[in-house]
Amino acid sequence: AAGSGGDLDGFYEMGRAAAFVRGGGFRKVALQFPDELLADAAAVAARMEAATAAEMYVLGDTTYGSCCVDEVAAEHVGAEAVLHYGPACLSPCRKLPVLHIFGQQPLDVGGCAEAFRELYPDRQSRVVVLSDVVYAHAMGELEQQLCPEYPNIIFSRVVCGDPPGPAPPREVWRFGRQFPVEAPGGLQDCAMFYVGAEGLALTSFMLTWNCCPFSSFDPATGCGRRETLNVNRALMRRLYLVERARDARVVGILVGTLGVVGYLAVLQHLRELLRQAGKRSYTLAVGKPNPAKLANFLEVDIFVLVACAQNSLLDSSDFYRPIVTPYELELACNPAREWTGNYLTDFRDLLPGACAHVELPPAVPTAEAVPDISLITGEMRAAHLCEPLAPQLPPSTTLACRDQTRALAEISPAASFLESRSWRGLEQQLGQTPVSKAVQGRRGIAIAYEDEGRKQP
């Protein structure tokens, strides 16, 4: 939280937010806060209503990751715009206008500059400076201190949304950051210096730009260090998951965002990819995934998470089934896509017209297909695309009478299988459970309740 009430105006940039609301003529605005800033939500909403005369609605518990704009929750109250507070992945939104207010977290610029000098004693080093969005406000002051000493240093700029057109050849525009690349060999000749704490953003940067050595400065501890994350080991883990995806027969597509541009297109793309690869797929919208939720789908061999670039890299070591990214599923199912060393975390790069789109090759008859051996199970598997066989039953047989009123119901194999389970989830049983008064329950711990050994009344 921002702390004392006097800090709210500066920390939450009240003037800029009020100008955005008044300039757009918005009458209903949703304020989205992460958990760590919810303590200030009521005060911020009250001040914004007083400054703009617009209705403010606080979005506390987001549907998916707090870094993404929750357009679904905002539409529930009929909001015309969203003010997104706190850390953000800067993924472009589909419908509503959005103003990002990151919160100006304090940064010891002098200490950060000194840590940079210790990590890069060579003044001719080519270094790209990246930062967490909550420290973007201090990058200008840091640039003034380091640019006179390091002529080849490049500071990235935080931008919201996609570029207006194709990015120039010597310019990088990814993850809401924009910076030019002037080194002769491109990014391979540059090092990366990240200002911020260790987290998903840094991991995503390191996997995407895995050819660059990384260093970081953590403002919370005031220490700079060379990042010791073994990128090769992390990539080996991801490639192991690709091999698991090749072996999978049933794939669950997890919807991890409803606001990022292109999520519907990538869902359709993945369904078509799995269909041609001869795998069954089920689309699941379960909110924030956790092991307990996904353990209910025992038939699924592997999950693919469609989410923003930061949330897609989910550590699935605690899950019953592994979770991969759309790029990893493409590596597994699209024979035309090969591993080049460039890792993609943004699913929009896979869509037609994007920089990394690869067309599916023509289907191969089964008799002409080259067999493939699984590196995990040692069994033979199909590694080619094939047109699925026509259904054996005519389409009319998928409709059947449901009851005496001759109502029609569609027969779904998946639904029929789930109906056969002995446990199908909690049932409300409204009106069937007798109402009783609250009574004193058992006290103590499970190994030794206070009434243990005594006869219950």
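See the structure printed just above.
Residues numbered from 1 in each chain as written. Predicted model: local features only at pLDDT ≥ 70, side-chain atom pairs only at ≥ 80, totals over all residues. Heavy atoms only, no water.

Observations regarding the pairing of strand β3 (residues 81–85)
Here's step 1: Within β3, five of the five residues are buried, which leaves the element mostly enclosed by the surrounding structure.
Here's step 2: In β3, alternate side chains face the same way, and those of A81, L83 and Y85 on one face and V82 and H84 on the other are all buried.
Here's step 3: Sheet analysis places strand β1 (residues 28–32) next to β3, joined by four bridges and oriented parallel. Directly across from V29, in β3, lies its bridge partner A81.
Here's step 4: As judged from the four bridges shared by β3 and strand β4 (residues 98–101), these two strands associate in the parallel manner. Its bridge partner lying in β4, Y85 is registered against I101. (Buried < 20%, exposed > 50% of the residue type's maximum accessible area, 1.4 Å probe, protein only. Helix = DSSP H or I, 4+ residues; strand = E, 2+ residues; numbered from the N terminus. Pairing = 2+ DSSP bridges.)

Quick look at the packing of aromatic side chains
Here's step 1: Scanning the entire structure with this criterion turns up 15 aromatic pairs.
Here's step 2: Between the aromatic rings of Y12 and Y85, the centroid separation amounts to 5.5 Å while the plane-to-plane angle is 80 degrees, which identifies the pairing as edge-to-face. Taken as a pair, Y12 in the loop between α1 (8–11) and α2 (14–24) and Y85 in strand β3 lie far apart in primary sequence, 73 residues in all. Neither residue differs from the other here; Y12 and Y85 are each classed as buried.
Here's step 3: Measuring from ring centre to ring centre gives 5.5 Å for Y327 and Y343, while their planes differ by 80 degrees; the resulting arrangement is edge-to-face. Of the two residues, Y327 is situated in helix α11 (residues 326–333) and Y343 in the loop between α11 and β17 (372–373); the sequence distance between them amounts to 16 residues. Each member of the pair, Y327 as well as Y343, carries the same accessibility label: buried.
Here's step 4: Here the aromatic residues F175, F179, Y194, F205 and W209 are joined through ring pairs into a cluster of three or more.
Here's step 5: In this arrangement the basic side chain of R174 is found over the ring face of F175, its NZ or CZ atom lying 5.1 Å from the centre. (Phe/Tyr/Trp six-rings, centres within 6.5 Å; stacked < 30°, edge-to-face > 60°. Lys NZ or Arg CZ within 6 Å of the ring centre and 35° of its normal.)

Quick notes on the packing of α2 against helix α3 (residues 41–52)
Here's step 1: Where α2 contacts α3, the axes come no closer than 10 Å and their chain directions differ by 50 degrees. The orientation of α2 with respect to α3, classified from their angle, is oblique. Every pair of crossing elements has a handedness; the one defined by α2 and α3 is right-handed. Residues M14, A17, A18, V21 and R22 of α2 pack against V44, R47, M48, A51 and T52 of α3.
Here's step 2: Along the lines of polarity and charge, the residues of the contact of α2 with α3 split into seven nonpolar, one polar and two charged. (Axes fitted to C-alpha atoms, helices over the stretch in contact; angles between N-to-C directions. Parallel < 35°, antiparallel > 145°, perpendicular 65-115°, else oblique. Left-handed = near helix turned anticlockwise from the far one by under 90°. Contact = heavy atoms within 4.5 Å. Nonpolar A, V, L, I, M, F, W, Y, C, P; charged D, E, K, R; others polar.)

Observations regarding empty space enclosed by the protein
Here's step 1: Across all of its chains, the model carries three cavities of 30 Å³ or more by this definition.
Here's step 2: Put simply, the largest cavity is a space of about 80 Å³.
Here's step 3: Among the residues making up the lining of the largest cavity, the classes are represented as five nonpolar, four polar and two charged. (1 Å grid on protein atoms, 1.4 Å probe; cavity = no way out; pocket = protein on both sides within 12 Å on 5 of 7 lines; lining within 4 Å. Points joined across faces, edges and corners; volume = space filled by probe spheres on them.)

Some thoughts on the pattern of salt bridges
Here's step 1: By the definition in use, this model includes 14 salt bridges.
Here's step 2: The salt bridge partner of R117 is E114, with a shortest N-O separation of 3.4 Å. Remark: E114 and R117 occur in helix α5 (residues 109–119); sequence separation between them is three residues, near one turn of the helix.
Here's step 3: Of the charged contacts, one joins D346 and R348 as a salt bridge, the two residues approaching to 3.1 Å between their closest N and O atoms.
Here's step 4: Classification of D346 by relative accessible area gives buried; the value is 18%.
Here's step 5: Through salt bridges with shared partners, one network takes in E114, R117, R123 and E149. (Salt bridge = Lys/Arg side-chain N within 4 Å of Asp/Glu carboxyl O.)

Read these as spatial facts, not as claims about activity.
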